[in-house]
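Structure assessment
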Amino acid sequence: MLNNYLKIALRQLWRYRGFSLLNGAGLTIGMAACLLLVMYVRFEAGYDRYAPHYERVYRVATDETAAGEPERSAMTAAPIAPFLVEAVPDIEAASRLYAGDFEFERGDAIVQEKQVFFADSTVFDVLGLSLLQGDPASVFDEPFSIVMTPAAAARYFGDEDPVGQTIRVNGAVDARVTGILNPLPAQSHLAFQILGSMSSVEAMQGWLFDNWVSGQFYTYVRARAGTERQRLETAINETLQRRPEFAGIEASWKFALALEPVSDIYLTSDRTQQAGPTGSATQLSILSLIGVFILVLACVNFVNLSTARAMVRAREVGVRKAVGAQRSHVAAQFLMESLVLSLLSLGMAVAVVWAVLPAFSGYLGKPLMPAVGDLPWIVAVLGLLWVVVGLAAGSYPAFYLAAFKPLHVLKGEPATRRGRLRQGLVVLQFAVSVTLIVVTAIIFAQVNFLNTYDPGFRREHMIVVPFGQDAAIGSQLAAVRSALLEQPGVEALTASSESPAASMREGNWLMSVETADGTLAETAMAHLLVDDQFLDVYDIEVVAGRGFGSDFVSDSSGALIVNEAAVAQLGFLRPEEAIGRRFDAWPSGGHIVGVVRSFNFRSLRQAVQPLALRVIPDQFDVLTIRMATGDLAGTLQRIEDVWQSFGPRLPFSYQFLDDAGAAVYRSERQLGQVLAGFSLLAIVIACLGLFGLAAFSASRRTKEIGIRKVLGASAAHLVGLLTRDMLALVVVAACVAGPIAFAISDAWLGQFAYRLSGVAVYYVLAGGLALVIAALTIGGQALAVALRDPVTSLRYE
């Protein structure tokens, strides 16, 4: 019997090829979109699950509050890791990571390596790292031992075996390669190609290892099996508070450690000083919802078109029942047709995904291409998708058509009165489509708002040139400045520790500041180390006091400038009240000499935070150069020539300041573009269904249209008659979509401290766009029928 069902199903699909193609196209698009999103969501949700027992691995983070100002950092102090292993029985092992940018040199190859990490030897066990060459137990036995990935080794050693050879670090120290590191999986919140021994950091900066509050290390621990996270966290903090380093601290300063499951870091951690880029659980939830929406649209499309064709199949059902077919047999036949069409559509969807996946992966920067080991879950997903779509799309039409009464059908009585169902499904389709359009438009608008929002400092025609580890530039900074300012097209330049447009990474510094009652109170705020030209080059407004100046010798050791947010944190009502107040902080104290207008030195996801600006020349890492608007290419070439004339060890590199700011919101921009593509697919699916419904509606009313034309009805009147009911459904859909779109977009916008206003216009525009698209889709069919010769229409049956 199953074989007969299959033969009949294939015969019916071929007989009604146009309908099959229309319905299959909707299912193909829906399943292809869903598969792409499933692969992306699975990849994003699978971060940091490669280590053995990853479910017991945590990153130790710091929750700190000074003078009421919270700081949630991903880092801890150096002594924390060994203390936890020694004092907390439920912790099996711990490892620290120290990150920095270092210059590596061998022969003619000199590279400024970003994010070089140094680690304890336990890192291989705790984080599940492995070596292609070398013994994990001994590769870090000595200071200045390093392991590197094959890609890093090829940069410096070519085809030579690097193990046992040395490489120069920062032009001062020879490091020995003791192993080859297996590259980290793509699904890792850490990203590095060179890993050194922690004893190297201890040899260079030994003071860090006795400091319990300087958070400059990433600490990871592995708990014993069966240990509850909350109980472990409580035990850690209770044990920590008994340390003498934390006894007798000021009441205004609170310090605690928190545990983050390593598998949650990428998607859910919102702490400062992350070890690498992070994802967004909110964005992943939105994309998952979009995948479900599009698949539902495809199934709804199938139901709509199948029930619309009820009159075409009604006589077939009536004849079958009249000759003895059971209702269950008829339903099984229609389900078989649905499953066959679903299987064919799935095959087409897989072909589409295979064709576009490389481009999709390349755009997202994620290796989404499945490996051989992924075959079982791929087969499971495809099988589940086939059955779910086939049954979900085909069940209602199958049982609905199987319920026809043969006597009524064969007498020519109407077989269906389910117009309201189809109307409801049309509303559902376009409600989803309008929701996607609104959310996409708001995301694009928010990203544009972020990129055009005035951060409070100048960004146009400015380049940032890093030189942090290059002694040839740092030791001659004054001469470099003079030579660059002589070049045509260079208007001004400044040196600083960071560029504010790149979303400053430096955490809060502890310091003491004089309050209104004349006492020194401990507080914490971000620090930006600048020269006396910084405020002028960046066009940052001074609202009280003065800026830094070369005429003030004390500025290089004892002057402090704060922003308005810091003034408010310190409890002063007016900026002028802060001028002249004493402060005490590393490396020396002094007085507040100025207050600047608050500017956004971090991402617009955060409100402006308290900031202190100080002059500490030996901490400068970047130059910011302001250029004239004329010959930018020529100016850049002259800057590079001057730079090279000072004999830098590193190649000249730069980044436009506005590009650095835009890069902070790259993930949001990508989300908007991905959503735009899938919103287009949703509209296409909805329009396919609407096109089919319009065609069937027009065919049923062909004779009516012919009579109306004979009686004098105009083509415009007939087009309006055929389209108004459908367009009314789109208007209803737009109204239904409003609250849903608002909830989704508001949840997404909630992650930003600064967000666009007046979003209501996007709801109106999305509804209008959907109405225009629907009108064009239906109008073509309606116009064709309206222009048909009435004689032909009257003969139609």
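These numbers were taken from a predicted model, which means no experiment stands behind them. (Residues numbered from 1 in each chain as written. Predicted model: local features only at pLDDT ≥ 70, side-chain atom pairs only at ≥ 80, totals over all residues. Heavy atoms only, no water.)

Per the secondary structure count, the chain includes 26 helices and 22 strands. The proportion of buried residues among the 797 residues of the chain is 51%. Here the chain has roughly 34,500 Å² of accessible surface; of this, 58% comes from carbon and sulfur atoms. (Helix = DSSP H or I, 4+ residues; strand = E, 2+ residues; numbered from the N terminus. Buried < 20%, exposed > 50% of the residue type's maximum accessible area, 1.4 Å probe, protein only. Areas by Shrake-Rupley, 256 points an atom, 1.4 Å probe, with all protein chains shown as cover.)

In this section: the pattern of salt bridges. The full count for this structure, using the stated rule, is 25 salt bridges. Of the charged contacts in the structure, one is a salt bridge between Asp174 and Arg168, with a shortest N-O distance of 3.1 Å. Between Glu541 and Arg597 there is a salt bridge, with its nearest N and O atoms 3.1 Å apart. You can see Glu541 sitting in the loop between α17 (534-537) and β16 (542-545) and its partner Arg597 sitting in the loop between β19 (590-596) and β20 (611-614), a full 56 residues away along the chain. Of the residues examined, Glu541 reaches a relative accessible area of 41% and is grouped as partly exposed. Look at Arg597 and you get partly exposed, because its relative accessible area is 35%. (Salt bridge = Lys/Arg side-chain N within 4 Å of Asp/Glu carboxyl O.)

Next up on the list: the side chain of Asn237. With respect to the helices and strands, Asn237 occurs in helix α7 (residues 229-241). On the basis of relative accessibility, which here comes to 15%, the residue Asn237 falls in the buried class. Not counting residues within four places of it along the chain, the set of residues in contact with Asn237 comprises Ala256 and Leu257. (Contact = heavy atoms within 4.5 Å.)

This paragraph deals with the confidence of the model for the chain. Here the chain averages 81 in pLDDT, while 81% of its residues score no lower than 70. A low-confidence stretch, residues 413-417 stays under pLDDT 50, and its non-local contacts, those more than four residues away or across chains, total 11 contacts. (pLDDT = per-residue confidence, 0-100.)

What follows is about the packing of aromatic side chains. One pass over the structure, following the stated rule, counts 21 aromatic pairs. For the pair Tyr47 and Tyr266, a centre-to-centre distance of 3.6 Å together with 5° between the ring planes defines the contact as stacked. Of this pair, Tyr47 sits in the loop between α2 (17-45) and β1 (57-66) while Tyr266 sits in helix α8 (residues 265-268), and the two are 219 residues apart along the sequence. For Tyr47, a relative accessible area of 5% corresponds to the buried category. By the ring-pair criterion, three or more aromatic residues cluster together here, those being Phe457, Phe534, Tyr538, Phe599 and Phe601. (Phe/Tyr/Trp six-rings, centres within 6.5 Å; stacked < 30°, edge-to-face > 60°.)

Pairing of strand β3 (residues 91-106) with strand β4 (residues 109-119), which is carried by nine bridges, proceeds in the antiparallel orientation. From the neighbouring strand, Gly100 faces β4, where its bridge partner is Val116. Hairpin connection between β3 and β4: a loop of two residues separates the two successive antiparallel strands, and Gly107 in this loop has a positive phi of roughly 65°. Where β4 lies against strand β9 (residues 194-197), three bridges are found, and the strand directions are parallel. Looking at β9, one finds that Phe118 is bridged to Gly196. (Pairing = 2+ DSSP bridges.)

Listed in full, the buried residues belonging to helix α16 (residues 477-485) are Leu477, Val480, Ala483 and Leu484. Seen along its axis, α16 keeps its buried residues to an arc of 125°; they face one direction. Tucked inside the fold, the buried residues of α16 contact α15 (471-474), β13 (490-496), β21 (622-627) and α20 (632-645). (Arc of directions from axis to C-beta.)

What follows deals with unusual backbone geometry. Positive phi, normally seen in glycine, also occurs at His461, with a value near 55°. In this structure, Asp539 is a non-glycine residue whose phi angle is positive, near 55°. If you trace the backbone, Asp539 turns up in the loop between α17 and β16.

Time to look at the nonpolar core. Judged by nonpolar contacts, the single largest core of 83 residues is most densely connected at Met31, Ile290, Phe360, Leu385, Phe430, Leu675 and Phe678. Sort the elements by how many residues they give to this core and helix α14 (residues 419-452) lands first, with 15 residues. Core analysis: the next-biggest nonpolar cluster, separate from the first, contains 27 residues, Phe117, Ala119, Val123 and Ala275 among them. (Core = buried A, V, L, I, M, F, W, Y, C linked by side-chain atoms within 4.5 Å.)

For Phe467, the location among the structural elements is in the loop between β12 (462-466) and α15. Placed 28 residues apart in sequence, Phe467 and Ala495 show a C-alpha to C-alpha distance of 10.0 Å. Once residues within four sequence positions are removed from consideration, Phe467 is found in contact with Ile473, Gly474, Leu477, Phe620, Asp621, Val622, Leu623 and Trp643.

The residue Asp264 is located in the loop between β11 (253-261) and α8 in this model. Given a relative accessible area of 32%, Asp264 falls into the partly exposed group. Measuring from C-alpha to C-alpha, the distance between Asp264 and Glu55 comes to 9.9 Å, with 209 residues separating the pair along the chain.

The pairing of strands in a sheet comes from backbone hydrogen bonds and takes either a parallel or an antiparallel form. Strands sit in the order β13-β21-β12-β22 across an open sheet of four strands; the sheet is antiparallel. The two strands at the open ends of the sheet, each matched to only one other strand, are β13 and β22 (655-656). Bridge count between β13 and β21: six bridges; the pairing is antiparallel. In the strand pairing of β21, Leu493 is matched with Ile625.

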